[in-house]
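What follows is each chain in one-letter form.
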Amino acid sequence: MMAKAVELAGVRVARGERTVLAVEALAVEQGEMVAVVGPNGAGKSTLLAAIGLLLPVAAGQVRLFGEHDDPLALRRRCALVLQDGLFLTGSVRQNVALPLSLRGLRGAAAARKVGQALELFNLGHLAARPVQRLSGGERQRVNLARALVTDPEILLLDEPFSSLDKSARTHLLQELAAIIRQRGLTAFLVSHHFEEAAWFAERIVMLAEGRIVQQGTLAEVVGQPLNEAVARLVGYDNLLACTLAADKKTVLLGDKLPVAAAALPDGLAADRRICAFGAEAVQIGLLPSSACCALGEGVVKKIVPGIHGAIVQLDCGGVGLKARLSSGTRLDEGAKTPVWLQSGALRWVYGGTKGAE
Amino acid sequence: MKQKLWAGLAAICLAGALLLAGCGGQGAAKTEPANKDIILSTTTSTRDSGLLDALLPVFEQESGYKVKVIAVGTGQALKMGEQGEADVLLVHAPEAEKKVLATGAAVNRKLVMHNDFVFVGPKNDPSGIAKQPVDSALRNIAQAKETFVSRGDDSGTHKMELALWKKAGLQPEEGWYRSAGAGMGQTLKIADERQGYTLTDRATWLALQKNMTLTILVEGDPSLLNIYHVMEVNSEKFTKVNKAGAQAFSKFLLSSKGQQMIAEFGKDKYGQALFFADGGKTEADLGVK
Amino acid sequence: MTYIGQGLGEAVRLLLQLDPAVLKVAWLTLQVSGLAALISVVLGVPLGCALATRRFRGRGALVSFVNVGMGMPPVVVGLLVSLLLWRYGPLGDWQLLYTPWAMVIAQVLIAAPIVASLSFSAIVSLDERLPLQLLALGASRLQADRLLIKEAKLGLLAAVIAGFGRAVSEVGASMMVGGNLKDETRVLTTATVLEVGKGNYELAISFGLILLVLVYLVVAVLTVLQQAGKRGCS
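This one's a predicted model, so the numbers in the text were calculated from it and none came from an experiment. Within every chain, residues take consecutive numbers counted from 1 along the sequence as written. All chains are assigned letters beginning at A, and all ligands numbers beginning at 1, according to the order in which they are written. Selection of residues for local features in this predicted model requires a pLDDT of at least 70, selection of side-chain atom pairs for listing and counting requires 80 or more, and totals for whole chains, interfaces and linings are taken over all residues. Side-chain measures were taken over the full set of non-hydrogen atoms in the model, leaving aside hydrogen atoms and water.

Peer 1: Can you walk me through the sheet that holds strand β16 (residues 310-316) of chain A in this structure?
Peer 2: The strands making up a sheet are joined through hydrogen bonds of the backbone, oriented either antiparallel or parallel. All names here are of chain A. Here the rule is simple: two strands pair whenever DSSP picks up at least two bridges between them. Segments assigned H or I by DSSP are reported as helices when at least four residues long, segments assigned E as strands when at least two residues long, and all are numbered from the N terminus. Strand order in the open sheet formed by five strands is β14-β18-β15-β16-β17, and the pairing between neighbours is antiparallel. Edge positions in the sheet fall to β14 (282-284) and β17 (319-325), since each of these pairs with one other strand and no more. Strand-to-strand twist of the sheet, defined as the mean angle between neighbouring strand axes without regard to direction, takes the value 45°. Sheet topology places β16 next to β17; seven bridges connect them, and they run antiparallel. Within the sheet, the bridge partner assigned to Ala310 lies in β17 and is Leu325. Only the stretch in contact is used when a helix axis is fitted, and all axes are lines through C-alpha atoms; the angle between N-to-C directions ranges over 0 to 180 degrees.

Peer 1: Is there a simple way to explain the sheet that holds strand β4 (residues 59-64) of chain A in this structure?
Peer 2: All names here are of chain A. What the three strands build is an open sheet, ordered β2-β1-β4; its pairing is antiparallel. Two strands bound the open sheet, and with one partner strand each, they are β2 (18-28) and β4. On average, each strand axis in the sheet is tilted by 20° relative to the strand beside it, whichever way the strands run. Examined bridge by bridge, strand β1 (residues 6-15) and β2 share nine bridges and lie antiparallel to one another. Looking across to β2, one finds that Glu7 is bridged to Ala27.

Peer 1: I tried to follow the pairing of strand β3 (residues 88-91) of chain B on my own but got confused; where do I start?
Peer 2: Regular strands have side chains that alternate between both faces of the sheet. Residues and elements named next belong to chain B. Think of it in three bands: with a 1.4 Å probe and only protein chains considered, a residue is buried below 20% of the maximum accessible area for its type, exposed above 50%, and partly exposed in between. With burial as the criterion, each face of β3 is covered, one bearing Val88 and Leu90 and the other bearing Leu89 and Val91. Direction of pairing for strand β1 (residues 37-43) relative to β3: parallel, over a ladder of three bridges. By the bridge assignment, Ser41 is partnered in β3 with Leu89. Note that β3 and strand β9 (residues 225-233) share four bridges and pair antiparallel. For Val88, the partnering residue across the bridge sits in β9 and is Glu232.

Peer 1: I would appreciate a short explanation of the packing of aromatic side chains in the present structure.
Peer 2: What counts as a ring pair is set by centres within 6.5 Å for rings of Phe, Tyr and Trp (its six-membered ring), and what kind of pair is set by the plane angle: stacked under 30 degrees, edge-to-face over 60, tilted for all other angles. Under the counting rule described, the total for this entry stands at 11 aromatic pairs over all chains. Judged by centre distance (5.4 Å) and plane angle (75°), the rings of Phe59 of chain B and Phe249 of chain B are edge-to-face. Residue Phe59 of chain B is found in helix α3 (residues 51-63), and its partner Phe249 of chain B is found in helix α10 (residues 243-254); the two are separated by 190 residues along the sequence. Phe249 of chain B matches Phe59 of chain B in its accessibility class, with the two residues each being buried. With a centroid separation of 5.9 Å and an interplanar angle of 55°, the aromatic rings of Trp165 of chain B and Trp176 of chain B are classed as tilted. Placement of the pair is Trp165 of chain B in helix α7 (residues 156-167) and Trp176 of chain B in the loop between α7 and β6 (177-179), with a sequence separation of 11 residues. For the pair Trp165 of chain B and Trp176 of chain B, a shared accessibility class is recorded, and that class is buried. One aromatic cluster in this structure is built from Phe119, Phe148, Trp165, Trp176 and Tyr177 of chain B. Each ring is checked for a lysine NZ or an arginine CZ that lies within 6 Å of its centre and within 35 degrees of its normal; such an atom marks a charge sitting over the ring. The residue whose ring lies beneath Arg77 of chain A is Phe65 of chain A, and the NZ or CZ to ring-centre distance is 4.1 Å.

Peer 1: It is not clear to me how the domain arrangement of chain B should be interpreted in this structure. Could you clarify?
Peer 2: In many reports, interface size means the accessible area that the parts give up when they come together. Residue and element names in this part refer to chain B. For every domain, the bounds stem from an assignment made automatically or drawn from a database. Examined at the domain level, chain B breaks down into domain 1 (37-114 + 227-286) and domain 2 (116-224). Contacts between the two partners involve 10 residues from domain 1 and, on the opposite side, nine residues from domain 2. The term buried area denotes the loss of accessible surface (1.4 Å probe radius) that occurs when two parts are joined, taken as the sum for both partners. Summing both sides of the interface, domain 1 and domain 2 together bury roughly 940 Å²; the carbon and sulfur share of this comes to 60%. By the criterion of area lost to domain 2, the three top residues of domain 1 are Ser45, Tyr270 and Leu274, representing 39% of everything that side buries. A carboxyl oxygen of Asp or Glu within 4 Å of a side-chain nitrogen of Lys or Arg is what we treat as a salt bridge. Put simply, domain 1 and domain 2 have zero salt bridges between them. N or O atoms within 3.5 Å of each other form a polar contact, as long as, within protein, one can give a hydrogen and the other can take it, and as long as residues adjacent in sequence are counted only when both atoms are side-chain atoms. In this assembly, domain 1 and domain 2 are joined by zero residue pairs in polar contact (both at pLDDT 80 or more). The element contributing the most residues to the side of domain 1 that touches domain 2 is helix α2 (residues 44-49), with three residues. Three residue categories are used. Nonpolar comprises Ala, Val, Leu, Ile, Met, Phe, Trp, Tyr, Cys and Pro, charged comprises Asp, Glu, Lys and Arg, and polar comprises the others, including Gly. Classifying every residue of the side of domain 1 that touches domain 2 by side-chain character gives four nonpolar, six polar and no charged. Here, residues are in contact when the closest pair of their heavy atoms is within 4.5 Å.

Peer 1: Where do I start with the side chain of Gln143 of chain C in this structure?
Peer 2: Among the secondary structure elements, Gln143 of chain C is positioned in helix α7 (residues 141-151). If we ignore the near neighbours within four places in the chain, the residues touching Gln143 of chain C are Arg76 and Leu102 of chain A together with Gly138 of chain C.

Peer 1: It is not clear to me how the interface of chain B and chain C should be interpreted in this structure. Could you clarify?
Peer 2: Contacts between the two partners involve 36 residues from chain B and, on the opposite side, 39 residues from chain C. In total, about 3300 Å² of surface goes out of reach between chain B and chain C, with carbon and sulfur atoms giving 59% of it. Inspection of the chain B/chain C interface yields four salt bridges. Its salt-bridge partner being Lys240 of chain B, residue Asp93 of chain C comes within 3.0 Å of it at the nearest N-O pair. Counting every contact that joins chain B to chain C gives 12 residue pairs in polar contact (both at pLDDT 80 or more). Of all the elements in the fold, those that place two or more residues in the side of chain B that touches chain C are α1 (2-21), α2, β2 (66-72), α4 (74-83) and α8 (184-194) of chain B. In terms of residues, the side of chain B that touches chain C owes the most to one element, α1 of chain B, which gives 10 residues. Per-class residue counts for the side of chain B that touches chain C are 17 nonpolar, eight polar and 11 charged.

Peer 1: Is there a simple way to think about helix α4 (residues 107-120) of chain A in this case?
Peer 2: In an α-helix, one full turn covers 3.6 residues, which means residues spaced three or four apart are oriented alike. Residues and elements named next belong to chain A. The span expected for a helix works out to 1.5 Å for each residue beyond the first. Its 14 residues give α4 an end-to-end C-alpha distance of 20 Å, which sits within 8% of 20 Å, the value for a rise of 1.5 Å per residue. All of the buried residues in α4 are Ala110, Val114, Ala117 and Leu118. In an axial view of α4, the angular spread of the buried residues amounts to 100°, which keeps them on one side of the axis. Opposite its buried face, α4 presents the exposed residues Ala108, Arg112, Gln116 and Glu119, each directed more than 90 degrees away. Contact partners of the buried residues in α4: α3 (92-102) and α5 (136-148). Once α4 finishes, Asn122 follows within two positions and takes phi at roughly 55°, a positive value. The arc under discussion is defined with respect to the helix axis, by the directions toward the C-beta atoms.

Peer 1: Honestly, the interface of chain A and chain C in this entry has me stumped. Any pointers?
Peer 2: Every contact between the two is made by 19 residues of chain A and, on the other side, 17 residues of chain C. Buried surface at the junction of chain A and chain C, both sides included, amounts to about 1800 Å², of which 59% is carbon and sulfur. Area buried by chain A at its contact with chain C is led by Leu86, Leu88 and Leu102 of chain A, which between them contribute 33% of it. Run the count over chain A and chain C and you get zero salt bridges. Run the count over chain A and chain C and you get eight residue pairs in polar contact (both at pLDDT 80 or more).

Below is the structure:
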């Protein structure tokens, strides 16, 4: 049985008086790819730093490959890639060679590894250039080359592509994911963008205020978000508290809009009182496309354009909703329009901490 | 290339450290006394006269001692004696010296030499003090309100000057009386700048007169005598005192050789001696109470 | 004022003739202040580095202490050192008073806080995540420190220059603990004060001029080193 690549037990990281990270248990197998998602200040970077043995823990233990005795040696089996690569004054080659020279590897053997790493990211022609004079995208490539030159077993990526434009980001992410799979590395990706994280990883860890609020596969996290924070992170546009009407057959969305209880999945229960649905689930106009419930009439408050169609903010019977407007349909602010809901697209937000411990 | 510069810098510093370390053992002498160092505490004007620069090499060569001349204000010089931080004192403030003697901090007070103070002023002498007795000279200056520059630094010279004003029954006022807070040489320069009067010891005057437009106006009064005594710090009270060294230095000053050197000092440079050698005499012999 | 003209003339004459008394004073100045600057750097740079990169209990107090040291009037330092080294003071038996060593001690106490504080600034002005990044690249704490020092070389050399400048300009403390003894503890600054007091302005100006030249030469050498670092080759 192979030792788990990363194990955290009862880990607590404090900054002054505040606890910034509290992870009771986290175990990651070798070769797994994990995405860490959460709002700003959730402790994502701290988690990565803790895994990489880069900061002292106030309590608990971090084990890598089942060991914890020699932090320096274990640290040297990891590589951390930050959002903006921090380099020392010098050329690309010198910076990529640095991790090797820190481990005592110099000369021809080191030069060979440096050359390979540079080739991996198409940096051969930039080898002699001072790092200061590279573009953002080139710098991140050098950052990645530097991280991989020592053949690390654990790769920690802290929003590595945030400062790049979309096409560069997508491109590099795909390259990187391929390399990681090919080498069987254990990788952690911290990202702000849920779609990126979802694409990259098999397992998603959701952090909020220093704690893991949910972890699981993409399906689990999206299908059964454990609380509002997760639901928001995952990208649900509409989150509404629901109550049972007096006749016990109708559920009031947002406590106001009546919907037949039978149309909802799983029905209303004590731990399922918040429902979440995306903007695609809300249809406006005269002819709904598929099985829908009628919600009544809504007033258009604001239209926010986008490439997939505009997001329309509506007021429907006193409840704020977001709907997706297919491109081609024209609507003006203040217009009145019928609103329909695809009840099949509803998801319940579960209370409790299922999947987090 | 850069490494060579660093190596060079390091070498310089190392050399410096080594040289400093070797700074102690210079000059062989005939006899090597047990404790070579003598701390002589004296006044700035004594040092500035240059007398010690002439006397000390001879003394050091003969005796094997090394004299550290700490030249400070009279007050500090005497205080060092009172604290046992010096071995021997050479100062010229008889009243204050007697007080130190009375506390037992110093012993063997012996008259060594004297020189005198003179009043100097502008050649045209607006207050008309030339050749006057000290009292009336000061009175003239005060009445005419002519510029008078004082050392104002609590030195022996300054104390002498204050005593003379007191004796004349005068209180100098702000405005024409300027307190320099400086050494003798600088005070003279200031007086020269402002064409005022000042009190100076003859030695400093002789050293600087060629650059001055001022001239000596009053001299020779017995109250203007500047008397130097040597005192050994009491080794019974302060065990760390170099008793043998202090005694040797005092003896040298009063020896016929030392006295002769004192009497000759300055003749070749200024045409007249800066000091009068008084070894063996007492203050009464000089006409001072 | 004719003094300045005469003074400059006298100064040039003494320098060109390599007057031995003047040379001796200049050499002693270089030895004493050079050594004091070296010790200040050896003490101050690692201290500044540690304060910048490590978190430990009492760090805040130590930072305040260094800042106080920077603002400490040198004459107070001179007084303190005198009190320690007086015959009947706690370290009197070492017989260091009125020797060049006492001057080195006083100058170190004055210059080291400045070097420490400027080193601290130099390291702190690097990206604050750089220490983390270096550790993440596999550096041990010691390796990371060395790399940070190398990266902050420009600022650190400025600290060294400041330290030397402070040490060599010291007058009051040097006078108090050194005694301004001819050939032993008389350095350019104390010699200048001496000659001014005697009214020998020309000689004082020449000492002052030589001091300027000396400081300029040392600073020039250090600046060359500093600028060599800028080209990024090593």
